[in-house]
Amino acid sequence: MKLSHFKAPSVTEGNISFPVMQCWNPVTRCVSIAADVGGQRVLCRIAESMITEHFPDSELSATAIVAAHRKRFEGAATRALGSRRTAEGSIDLRHEDFAHSPAA
């Protein structure tokens, strides 16, 4: 039996797109957003502490903040994905990923 790896073709090959979804993990206290990178799914995790640090006056939940300021988080994720990626297909956003992110 010949084993092969299936990779679905993607119209965004070589680009990064972000499906509109975010989820909360109560164990790790992180919000995750998905990124499609050249047909591969990568989870971008944002710690609750980092979210509240960047939006200290917000009364929204961490998930609601990410949804409300999605472009800012997508920009940070794009920078992170351009510079590093973990083997398991996920990445943790860091403070430096938000350094050039315009407040939105």
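Everything discussed here concerns the structure shown above.
Bear in mind the structure is a predicted one, so any value in this text is a computation, not a measurement.

Cut-offs applied
Residues numbered from 1 in each chain as written. Predicted model: local features only at pLDDT ≥ 70, side-chain atom pairs only at ≥ 80, totals over all residues. Heavy atoms only, no water. Helix = DSSP H or I, 4+ residues; strand = E, 2+ residues; numbered from the N terminus. Buried < 20%, exposed > 50% of the residue type's maximum accessible area, 1.4 Å probe, protein only. Polar contact = N/O pair within 3.5 Å; in protein donor to acceptor, adjacent residues only side chain to side chain. Contact = heavy atoms within 4.5 Å. Core = buried A, V, L, I, M, F, W, Y, C linked by side-chain atoms within 4.5 Å. Phe/Tyr/Trp six-rings, centres within 6.5 Å; stacked < 30°, edge-to-face > 60°.

(A) Examining the side chain of D97 more closely. Tracing the sequence through the fold places D97 in the segment after β5 (90-92). D97 sits in the buried class, given a relative accessible area of 3%. Engagement of the side chain of D97 in a polar contact is seen with the backbone nitrogen of R94, the distance being 2.7 Å. Sequence-distant contacts of D97, defined by excluding residues within four places in its chain, comprise A76, R79, A80, R84 and D92.

(B) Here's a closer look at the nonpolar core. The biggest cluster of nonpolar side chains holds 22 residues, and the ones touching the most others in it are I33, I51 and F73. Only β3 (30-37), β4 (40-47), α1 (48-54), α2 (62-68) and α3 (70-83) provide two or more residues apiece to this core.

(C) View of the packing of aromatic side chains. The final tally for this structure, using the stated rule, is 2 aromatic pairs. For the pair F55 and F73, a centre-to-centre distance of 5.9 Å together with 35 degrees between the ring planes defines the contact as tilted. With F55 in the loop between α1 and α2 and F73 in helix α3, the pair connects residues that are 18 residues apart, well separated along the chain. Across the pair, F73 and F55 agree in class, each one buried. Between F73 and F98 the ring centres are 5.5 Å apart and the planes differ by 80 degrees, which places this aromatic pair in the edge-to-face class. Of this pair, F73 sits in helix α3 while F98 sits in the segment after β5, and the two are 25 residues apart along the sequence. With relative accessibility at 3%, the residue F98 sits in the buried group. Members of the aromatic cluster, joined through ring pairs, are F55, F73 and F98.

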